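Residue-level listing of the chains:
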Amino acid sequence: AQSVSQHNHHVILSEAASLELGCNYSYGGTVNLFWYVQYPGQHLQLLLKYFSGDPLVKGIKGFEAEFIKSKFSFNLRKPSVQWSDTAEYFCAVNAGGSYIPTFGRGTSLIVHP
Amino acid sequence: EAGVVQSPRYKIIEKKQPVAFWCNPISGHNTLYWYRQNLGQGPELLIRYENEEAVDDSQLPKDRFSAERLKGVDSTLKIQPAELGDSAVYLCASSSGTGNEKLFFGSGTQLSVL
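What you are looking at is a predicted structure, and each value in this text was computed from that prediction instead of being measured.

In this section: the overall build of chain B. When helices and strands are tallied, chain B shows zero helices and eleven strands. Each helix (α) and strand (β) of chain B, taken in turn from the N terminus, gives the series β-β-β-β-β-β-β-β-β-β-β. A compact globule built from 114 residues would reach a C-alpha radius of gyration of about 13 Å, and chain B, at 13 Å, matches this within 12%. Overall, the C-alpha framework of chain B stretches about 40 × 25 × 25 Å when taken along its three principal axes. Of all 114 residues assigned to chain B, the portion counted as buried reaches 44%. Nonlocal contacts in chain B, meaning residues at least 24 apart in sequence, comprise 53% of its contacts between residues at least 6 apart.

In structure tokens form, the structure reads like this:
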């Protein structure tokens, strides 16, 4: 069965700092990869996704993620965070044609103004 | 366009009582998911529907949980009887069902079992 690991459970940054959140998955075949975000008091929503092609994908609000197949990773990055990026971030993986995304446990990001 | 609608938003019950959650997916979305999210964890799938058919329910504790999606639109998730460990946020999501499409989530129902 596929699994998703997010190693950073809590991250605290100051505004303008750079961000990288780790995501690793365990599945050797074709995968679809997602990052979802949950802002305080809001529902989960898609930040970005990778299906095929360019392994560097860009999402909303200046976020990007890089798929490195050899490392089974899909890390999320943002060069300069803002206070409004404070949220929970979840990595998710569809593996092998599955219609069921498996989620990581999430990373809580707090950005101090 | 209306999003995924869930109700109630919060529910507090005593253990051994029944509880039900309702979900109205985005119009036209054939695939509906129920996830459970425990505190400090990511969402975990309970059941997935393709139209009115439950196609993935291996993670649903069938001794106390049941779900239905009559007419392939709205869905109801029920717990009877509830246990203390059922306290969690129950999330409903829908998608167009092509396998690589994003999920649209509702706001969830936060259940507290006392």
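Still more to cover.
Glancing now at the interface of chain A and chain B. Across the contact, 18 residues belong to chain A and 22 residues belong to chain B. Summed over both sides, the interface between chain A and chain B buries roughly 1600 Å², with carbon and sulfur atoms accounting for 57% of that surface. Counting every contact that joins chain A to chain B gives zero salt bridges. For the interface between chain A and chain B, the tally reads three residue pairs in polar contact (both at pLDDT 80 or more). Among the secondary structure elements, those contributing two or more residues to the side of chain A that touches chain B are strand E5 (31-38), strand E6 (45-50) and strand E10 (87-95) of chain A. Here the element with the most residues in the side of chain A that touches chain B is E5(A); it accounts for four residues. Counted by class, the side of chain A that touches chain B contains ten nonpolar, six polar and two charged residues.

Attention now goes to the pairing of strand E3 (residues 19-24) of chain B. Residue and element names in this part refer to chain B. Only one face of E3 is covered, namely the one carrying Val-19, Phe-21 and Cys-23; the face carrying Ala-20, Trp-22 and Asn-24 has none of its residues buried. In the sheet, strand E1 (residues 5-7) pairs with E3 via three bridges, with the strands oriented antiparallel. Paired with Gln-6 across the two strands is Cys-23, which belongs to E3. Note: E3 against strand E8 (residues 75-79), five bridges, orientation antiparallel. When the bridges of E8 are listed, Trp-22 appears paired with Thr-76.

Here we take up the packing of aromatic side chains. In the structure shown here, the tally under the stated rule is 13 aromatic pairs over all chains. With a centroid separation of 6.0 Å and an interplanar angle of 75 degrees, the aromatic rings of Phe103(A) and Phe105(B) are classed as edge-to-face. Here Phe103(A) is found in strand E11 (residues 102-103), whereas its partner Phe105(B) is found in strand E10 (residues 104-105) on a different chain. The class for Phe105(B) is buried, based on a relative accessible area of 3%. Ring centres 6.1 Å apart and planes at 50 degrees place the aromatic pair Tyr35(B) and Phe105(B) in the tilted group. Residue Tyr35(B) is located in strand E4 (residues 31-37), and its partner Phe105(B) is located in strand E10; the two are separated by 70 residues in the primary sequence. Grouping aromatic residues by their ring pairs yields a cluster made of Phe34(A), Tyr36(A), Phe51(A), Phe103(A), Tyr33(B), Tyr35(B) and Phe105(B). For Arg9(B), the ring lying beneath its charged end belongs to Tyr10(B), and the centroid distance is 5.1 Å.

About the thresholds
- Residues numbered from 1 in each chain as written.
- Chains lettered and ligands numbered in written order.
- Predicted model: local features only at pLDDT ≥ 70, side-chain atom pairs only at ≥ 80, totals over all residues.
- Heavy atoms only, no water.
- Helix = DSSP H or I, 4+ residues; strand = E, 2+ residues; numbered from the N terminus.
- Rg over C-alpha atoms; globule rule 2.2 N^0.38 Å.
- Buried < 20%, exposed > 50% of the residue type's maximum accessible area, 1.4 Å probe, protein only.
- Contact = heavy atoms within 4.5 Å.
- Buried area = accessible area lost by both parts, 1.4 Å probe.
- Salt bridge = Lys/Arg side-chain N within 4 Å of Asp/Glu carboxyl O.
- Polar contact = N/O pair within 3.5 Å; in protein donor to acceptor, adjacent residues only side chain to side chain.
- Nonpolar A, V, L, I, M, F, W, Y, C, P; charged D, E, K, R; others polar.
- Pairing = 2+ DSSP bridges.
- Phe/Tyr/Trp six-rings, centres within 6.5 Å; stacked < 30°, edge-to-face > 60°.
- Lys NZ or Arg CZ within 6 Å of the ring centre and 35° of its normal.

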